Amino acid sequence: MHFTGALAANVAGEFTLPCAASLVEVCLSNSAATDCTIDCGPSTDTDGIIDGGACGDSGTPAVFEPADFNGALCDQEAPYHMANDTVFDFSLDYDGASGTAAEDVTLIFWFTEG
């Protein structure tokens, strides 16, 4: 996903997994030196996988792997597995704790089927 321009508000979204899948990696970047953060997880615990992860700055992405999954649902070892039809939620706090707003944000979720 890509959000063009300077963000002036938080961004949130959700999608339904078409099959059982494991979240392997999340990549988050933007073009500014920013305080943007991400939460993500299933709709039953929307920060259960990543809770307040810092966005990459100035075109250098932040990459979150299972060892970086700091939410309450994760063990920091294995990819987080979700069942078919799980609703997956994400939210971006565009400026963290009233810091610098994100610009030209790119967000990628990498899942493996099964």
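Residues numbered from 1 in each chain as written. Predicted model: local features only at pLDDT ≥ 70, side-chain atom pairs only at ≥ 80, totals over all residues. Heavy atoms only, no water.

Undergrad: Requested: an account of the nonpolar core, with residues and values cited.
TA: Counting 28 residues, the largest nonpolar core has Ile38, Ile49 and Phe109 as the members making the most contacts within it. Those elements giving two or more residues to this core turn out to be strand E3 (21-29), strand E4 (37-42), strand E6 (62-64), strand E7 (80-82), strand E8 (87-93) and strand E9 (103-113). Sorting elements by how many residues they give to this core places E3 first, with four residues. Setting aside chain neighbours within four positions, we find Phe109 in contact with Met1, Phe15, Leu23, Glu25, Val26, Ile38, Cys40, Phe88 and Phe90. (Core = buried A, V, L, I, M, F, W, Y, C linked by side-chain atoms within 4.5 Å. Buried < 20%, exposed > 50% of the residue type's maximum accessible area, 1.4 Å probe, protein only. Helix = DSSP H or I, 4+ residues; strand = E, 2+ residues; numbered from the N terminus. Contact = heavy atoms within 4.5 Å.)

Undergrad: Which residues make up the pairing of E9, and what values go with them?
TA: Along any regular strand, the residues point their side chains to alternate faces of the sheet. Pairing between strand E1 (residues 2-6) and E9: three bridges, direction antiparallel. Counted as the bridge partner of Ala6 is Glu103 from E9. (Pairing = 2+ DSSP bridges.)

Undergrad: Help me get a handle on unusual backbone geometry, residues and values and all.
TA: Although it is not a glycine, Ser58 sits at a positive phi angle of roughly 50°. Mapped onto the fold, Ser58 is located in the loop between strand E5 (50-54) and E6.

Undergrad: Could you give an account of the sheet that holds strand E2 (residues 11-16), with specific residues and numbers?
TA: Taken in spatial order, the four strands of this open sheet run E2-E8-E4-E5, and their pairing is antiparallel. Lying at the two open borders of the sheet, with one neighbouring strand each, are E2 and E5. Neighbour-to-neighbour, the strand axes of this sheet turn through a mean angle of 15°, independent of strand direction. Examined bridge by bridge, E4 and E8 share six bridges and lie antiparallel to one another. Pairing of Asp39 across the sheet is with Ser91, part of E8. (Axes fitted to C-alpha atoms, helices over the stretch in contact; angles between N-to-C directions.)

Undergrad: Quick rundown of the pairing of E4? Include the residues and the values.
TA: Burial runs high along E4: five of the six residues are buried. When E4 meets E5, the two strands line up antiparallel, connected through four bridges. Residue pairing in the sheet places Asp39 in a bridge with Asp51 of E5.

Undergrad: Outline the state of the cysteines, supporting the account with residue identities and numerical values.
TA: On inspection of all chains with the given rule, the structure shows zero disulfides. As a non-bridged cysteine, Cys55 has Cys36 as the owner of its nearest cysteine sulfur, 4.4 Å distant. Assessed through its relative accessible area of 7%, Cys55 is described here as buried. (Disulfide = S-S within 2.5 Å.)

Undergrad: Tell me about the environment of Thr106, residues and numbers included.
TA: Secondary-structure assignment places Thr106 in strand E9. In this structure Thr106 comes out as partly exposed when scored by relative accessible area, which is 30%. In this structure the C-alpha to C-alpha distance between Thr106 and Val11, which are 95 residues apart in sequence, comes to 12 Å. Not counting residues within four places of it along the chain, the set of residues in contact with Thr106 comprises Met1, His2, Cys27, Leu28 and Ser29.

Undergrad: Requested: an account of the side chain of Asn30, with residues and values cited.
TA: Structurally, Asn30 can be placed in the loop between E3 and E4. Using a relative accessible area of 2% as the deciding quantity, one classes Asn30 as buried. Apart from residues no more than four positions distant in its own chain, Asn30 is found in contact with Cys55, Gly56, Asp57, Ser58, Gly59, Ala102, Glu103, Asp104 and Val105.

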